[in-house]
Amino acid sequence: MELNQIIDRFLEIYGGDKSDIRVFASPGRVNMIGEHTDYNGGFVFPAALTMKTTIVCRKRNDNKIVLRATDLPDVVEADISNLENYKDLKWGDYQLGVAYELQKRGYNIVGADMLYDDSVPHGSGLSSSAAIEVATAICFATFSNEKNGIKKELDMVEMALIGQAAENNYVGVNCGIMDQFASAMGKKDCAIFLDCKNLEYKYAKLDLKGKKILLSNTNKKHKLGESKYNERRSECERGFEYLKQGLPDKKCLGDISVEEFEANKHLIKDEIVLKRITHVIYEDDRVLKSIDALNNGDIELFAKYINQSHDSLRDLYEVTGNELDTLVDEARKIDGVLGSRMTGAGFGGSTVTIIEEGAIDEFIEKVGKNYTEKTGLVAQFYVSDIGDGGREILL
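Attention in this report is confined to the structure presented alongside it. (Residues numbered from 1 in each chain as written. Predicted model: local features only at pLDDT ≥ 70, side-chain atom pairs only at ≥ 80, totals over all residues. Heavy atoms only, no water.)

**As for the overall build of the protein**
- A count of helices and strands for the protein gives eleven helices and 13 strands.
- Against the compact-globule benchmark of 21 Å for 395 residues, the protein has a radius of gyration of 21 Å, which places it among compact chains.
- Oriented by its inertia axes, the alpha-carbon framework of the protein measures out at about 60 × 50 × 40 Å.
- Among the 395 residues that make up the protein, the fraction classed as buried is 58%.
- Intrachain contacts of the protein at a sequence separation of at least 6 include 72% that bridge at least 24 residues. (Helix = DSSP H or I, 4+ residues; strand = E, 2+ residues; numbered from the N terminus. Rg over C-alpha atoms; globule rule 2.2 N^0.38 Å. Buried < 20%, exposed > 50% of the residue type's maximum accessible area, 1.4 Å probe, protein only. Contact = heavy atoms within 4.5 Å.)

**Some thoughts on helix α4 (residues 156-171)**
- For α4, with 16 residues, the first-to-last C-alpha span of 21 Å sits near the 22 Å given by 1.5 Å per residue.
- Within α4, the full set of buried residues consists of Met156, Met159, Ala160, Ile162, Gly163, Gln164, Ala165, Ala166, Glu167 and Tyr170.
- Where α4 is buried, its residues contact α2 (93-104), α3 (128-147) and α5 (178-185).
- Its side-chain oxygen 3.0 Å from the backbone nitrogen of Val157, Asp155 forms the N-cap of α4.
- Remark: Gly172 follows α4 within two positions and exhibits a positive phi of approximately 95°. (Expected span 1.5 Å × (residues − 1). Polar contact = N/O pair within 3.5 Å; in protein donor to acceptor, adjacent residues only side chain to side chain.)

**Regarding the sheet that holds strand β3 (residues 46-59)**
- With mixed pairing, the six strands of this open sheet are ordered in space as β5-β4-β6-β3-β1-β13. Sheet topology places β5 (76-79) and β13 (391-393) at the edges, where each strand pairs with a single neighbour. Neighbour-to-neighbour, the strand axes of the sheet open up by a mean angle of 30°, direction not taken into account.
- As paired strands, strand β1 (residues 22-31) and β13 are joined by three bridges and run antiparallel to one another. Each residue of the ladder has a partner; that of Ala25, found in β13, is Arg391. (Pairing = 2+ DSSP bridges. Axes fitted to C-alpha atoms, helices over the stretch in contact; angles between N-to-C directions.)

**Regarding the state of the cysteines**
- For the coordinates displayed, the defined rule picks out zero disulfides.
- Cysteine Cys190 shares no disulfide, and the gap to the nearest cysteine sulfur, in Cys196, comes to 18 Å.
- The class for Cys190 is buried, based on a relative accessible area of 9%.
- You can see Cys236 has no disulfide; the closest cysteine sulfur is in Cys252, sitting 11 Å from it.
- Its relative accessible area of 1% is what places Cys236 among the buried residues. (Disulfide = S-S within 2.5 Å.)

**Focus on the packing of aromatic side chains**
- The tally for this structure, following the rule as stated, stands at ten aromatic pairs.
- Centre to centre, the rings of Phe43 and Phe193 are 5.6 Å apart; their planes meet at 35°, and the pair counts as tilted. Of this pair, Phe43 sits in strand β2 (residues 43-44) while Phe193 sits in strand β7 (residues 190-195), and the two are 150 residues apart along the sequence.
- Arranged with centres 5.8 Å apart and planes meeting at 55°, the rings of Tyr100 and Tyr170 form a pair that is tilted. With a gap of 70 residues between them, Tyr100 in helix α2 and Tyr170 in helix α4 connect regions that are remote in the sequence.
- An aromatic cluster is defined as three or more aromatic residues linked by ring pairs; in this entry it consists of Phe181, Tyr201 and Tyr203.
- Over the ring of Tyr203 we find Lys187; its NZ or CZ atom is 5.1 Å from the centre of that ring. (Phe/Tyr/Trp six-rings, centres within 6.5 Å; stacked < 30°, edge-to-face > 60°. Lys NZ or Arg CZ within 6 Å of the ring centre and 35° of its normal.)

**So, the side chain of Asn31**
- With respect to the element layout, Asn31 can be found in strand β1.
- Among the polar contacts made by the side chain of Asn31, one reaches the main-chain carbonyl oxygen of Gly34 at a distance of 2.7 Å.

**Section: the pairing of β7**
- Among the six residues in β7, six count as buried, and that is most of the element.
- Of the two faces of β7, the one holding Cys190, Ile192 and Leu194 and the one holding Ala191, Phe193 and Asp195 are both buried throughout.
- In the sheet, β2 pairs with β7 via two bridges, with the strands oriented antiparallel. Within β7, the position partnered with Val44 by the bridge is Leu194.
- Pairing between β7 and strand β8 (residues 200-205): six bridges, direction antiparallel. Bridging across to β8, Asp195 finds its partner in Glu200.

**What to know about the environment of Ser350**
- Residue position: Ser350 is located in strand β11 (residues 350-355).
- Judged by relative accessible area, Ser350 falls into the buried class, the value being 0%.
- In sequence terms Ser350 and Leu126 are 224 residues apart; their C-alpha atoms lie 7.1 Å from each other.
- The residues contacting Ser350, other than those within four sequence positions of it, are Ser124, Gly125, Leu126, Ser216, Asn217, Leu324, Met342 and Thr343.

**Things to note about the packing of helix α8 (residues 271-295) against helix α9 (residues 299-315)**
- Viewed as axis vectors pointing N to C, α8 and α9 meet at an angle of 170°, and their least axial separation amounts to 9 Å. On the basis of their axis angle, the class for α8 and α9 is roughly antiparallel. Between α8 and α9, the contacting residues are Lys275, His279, Glu283, Arg286, Lys289, Ser290, Ala293 and Leu294 on the first element and Ile299, Leu301, Phe302, Tyr305, Gln308, Ser309, Ser312, Leu313 and Asp315 on the second.
- Each residue belonging to the contact of α8 with α9 can be placed in one class, and the counts come to seven nonpolar, five polar and five charged. (Parallel < 35°, antiparallel > 145°, perpendicular 65-115°, else oblique. Nonpolar A, V, L, I, M, F, W, Y, C, P; charged D, E, K, R; others polar.)

**Notes on the side chain of Glu167**
- Structurally, the position occupied by Glu167 is in helix α4.
- With sequence-adjacent residues up to four places away left out, Glu167 is seen in contact with Tyr94, Ser129, Glu133, Gly172, Val173, Cys175 and Gln180.

**Side note on the pairing of strand β4 (residues 64-69)**
- Of all six residues in β4, five are buried, a share of seventy percent or more.
- In this antiparallel pair of consecutive strands, β4 and β5, the connection spans six residues.

Structure follows, in structure tokens:
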């Protein structure tokens, strides 16, 4: 929905006028390369999208948080003094988890009427959850600072960490930091080279030499808490314990080079775990090589690493599945496609494709048709721009 439509809907629901309305927003993200590396202390290369969560809200004079969404009938009312008690909500747990984590860190949560509008497709692998979390964190942190007379700017890295903590501790998904970091720290036309060990980051101009980023949504919904995401994380933790026998000074898989891994991989006795670790180590290496390729203006080489990433996620990490593989296989048949891979956690969700602009119409027609014939599902396609991170939108 357009912003003025969201505001009109807010006024229909909550009444009043526009004079005291506030608007906060934070985007979804696409990860160009570096998948399932963030929770292993590795490297990632995400970018914020222009698709986003928008919150239209108004402060209340009591201790109640009221949550509504433009596309859901649900109404959630929560008591600020009991925020730990809403973990089992079907919808609203991400928002209240963020409020709870802020409260634990000393923020003075203010009652509010809130209306959420999401242009990031839910379950698409484009991190609608992080968009919700970061937008919510910015909203409540801003209101808290205003109540306490604090005028300093928000620490956006802290907002990302609060979003991650809510997902880990309140919702129960052991996600890494990449999604929330990209949502909070995104910058127009740039991707973020992020070292997840220490949150050191650099912005990198995502200059694709006239090529476009095309996102393809499988429309196979995934919910990470019900998937094998946590299982993969556990397998990586086991693999790291094996490797520490030969590399006792290492703190995480992200500390281990390809050469060090190859010299010590014999220590991993479980073949499944070995496959998982092989993906992580070489995926980190692909991120570094991808940055070099982009710095050298070699988009074809960058796209080659994108293809290698998907193949590794399919064969070694085993998080793709028929729908994602079908989209990638069909994409690679189209003249003008340089590279295509799944993006996000997998188990459904979306792919990201680097494509010549003139090939987009053929891609959507042929890939969409063949995907439906092979899976029975209807894919959705988005030509994406790279946008800014979380912020208040001033009216």
